[in-house]
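Structural overview
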Amino acid sequence: MSERRKKLSIMIPCYNEVENVGPMSETIVGIMTTQLSKYDYELIFIDNHSEDGTREKLEEICAGNSNIKAILNVTNFGQFNSPFYAMCQTSGDAVISMSCDFQDPPEMIPQYVEEWEKGYKIVSAIKTTSKENGFIFFLRKCYYKMIRNMSTVKLIENFTGTGLYDKSFIDLLRELDDPIPYLRGIVAEYNFKRKEIPFEQPKRRAGKTSNNFYSLYDAAMLSITSYTKVGLRIATFIGFFAGLISFVIALVYLVLKLTDWHHFSAGYAPMIIGVFLIGSLQLFFIGLMGEYILNINTRIMHRPLVVEERRINFDNGDNFKNETGRTISDK
């Protein structure tokens, strides 16, 4: 009786990547059929409701290779929910997650698998340098360091989520039932046996990134509100000291006024400055508290991670859908 061949699942989220899905699928299939031919494989694209022809291109690709599968979302469910959900739909002994724009080099896949075979449950690609905008890369490094120092969990610096995950970790993801999952935090929190592989992030192969200020801000707030308490603690401390300083200043002004010290008169300038200062601090921390409340509200509503429009090349044995996802049409 022949030994069962291990299976690798490669998961690639995409949104408006019509110029990249074809070359990416060809590259992955080439790697799997040459360098990793002893493994079975599936390549799963999850499309976040692209509007540039990506879906039509995926249908064409899937028609030519039954190992290539696609999940088409009914709308855009964001940069975290969609890939997390797709990882939970895989059937391999290990799952490799990477972006569709070639900024996560596919050439690293054999290296991931080699470390996995040594016993590591997670192989993380760590972005040490980048060919992207230098200022943006600097801001990202500052963000990673800040979050790592603020978090109750030691988040991994310069880790974007790309890498290999053993089936045991994927099984954990299926059990978490988290409506707003933050994969980078989950990896750090549960501390599976992990190997880090440094790499230089190349430029996008083609197309325009869908990341903007709002999406980057959303990612930052998700990590802060999910894994830190320091924001609320800072608000408490600053509020206390600001109140104390205001009280001392008010007391000094009262004493000077009552004693008529050299006909004391400072006008309204200090009062106006103080009101604007305290008011701006209040607005800032009300906004910060609002982010935490929004996080709580999203968890309470517990909507599905993803609502699928349809699947391509999946069979009944590949179905891992549960309360985290919905399908409105099975074609």
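Quick look at the structure, then. Values in this document were obtained by computation on a predicted structure and should not be read as measured data.

**Overview of a nonpolar patch on the surface**
On the surface, a nonpolar cluster with roughly 300 Å² of combined accessible area is contributed by F241, I245 and I249. Mapped onto the elements, F241 comes out in helix α9 (residues 230-259). By relative accessible area, F241 is classed as partly exposed at 48%.

**Some thoughts on the packing of helix α3 (residues 78-88) against helix α6 (residues 167-176)**
Orientation of α3 relative to α6, taken along the N-to-C sense of each, is 120°, at an axis distance of 9 Å. For the element pair α3 / α6, the angle class is oblique. Crossing of α3 against α6: the hand is left-handed. On α6, the residues touching F84, M87 and C88 of α3 are I170, L173 and R174. Split by residue class, the contact of α3 with α6 holds five nonpolar, no polar and one charged.

**Here we look at the nonpolar core**
Counting 37 residues, the largest nonpolar core has I12, I28, F45, Y112 and V113 as its most contacted members. If one sorts the elements of this core by residue count, helix α1 (residues 21-34) sits on top with six residues. Counting 29 residues, the second largest nonpolar core, distinct from the first, contains M11, I44, I122 and F169.

Rules behind the numbers
Residues numbered from 1 in each chain as written. Predicted model: local features only at pLDDT ≥ 70, side-chain atom pairs only at ≥ 80, totals over all residues. Heavy atoms only, no water. Patch = residues over 30% accessible without salt bridge, like charges linked within 9 Å, V, L, I, M, F, W, Y side chains within 5 Å. Areas by Shrake-Rupley, 256 points an atom, 1.4 Å probe, with all protein chains shown as cover. Salt bridge = Lys/Arg side-chain N within 4 Å of Asp/Glu carboxyl O. Helix = DSSP H or I, 4+ residues; strand = E, 2+ residues; numbered from the N terminus. Buried < 20%, exposed > 50% of the residue type's maximum accessible area, 1.4 Å probe, protein only. Axes fitted to C-alpha atoms, helices over the stretch in contact; angles between N-to-C directions. Parallel < 35°, antiparallel > 145°, perpendicular 65-115°, else oblique. Left-handed = near helix turned anticlockwise from the far one by under 90°. Contact = heavy atoms within 4.5 Å. Nonpolar A, V, L, I, M, F, W, Y, C, P; charged D, E, K, R; others polar. Core = buried A, V, L, I, M, F, W, Y, C linked by side-chain atoms within 4.5 Å.

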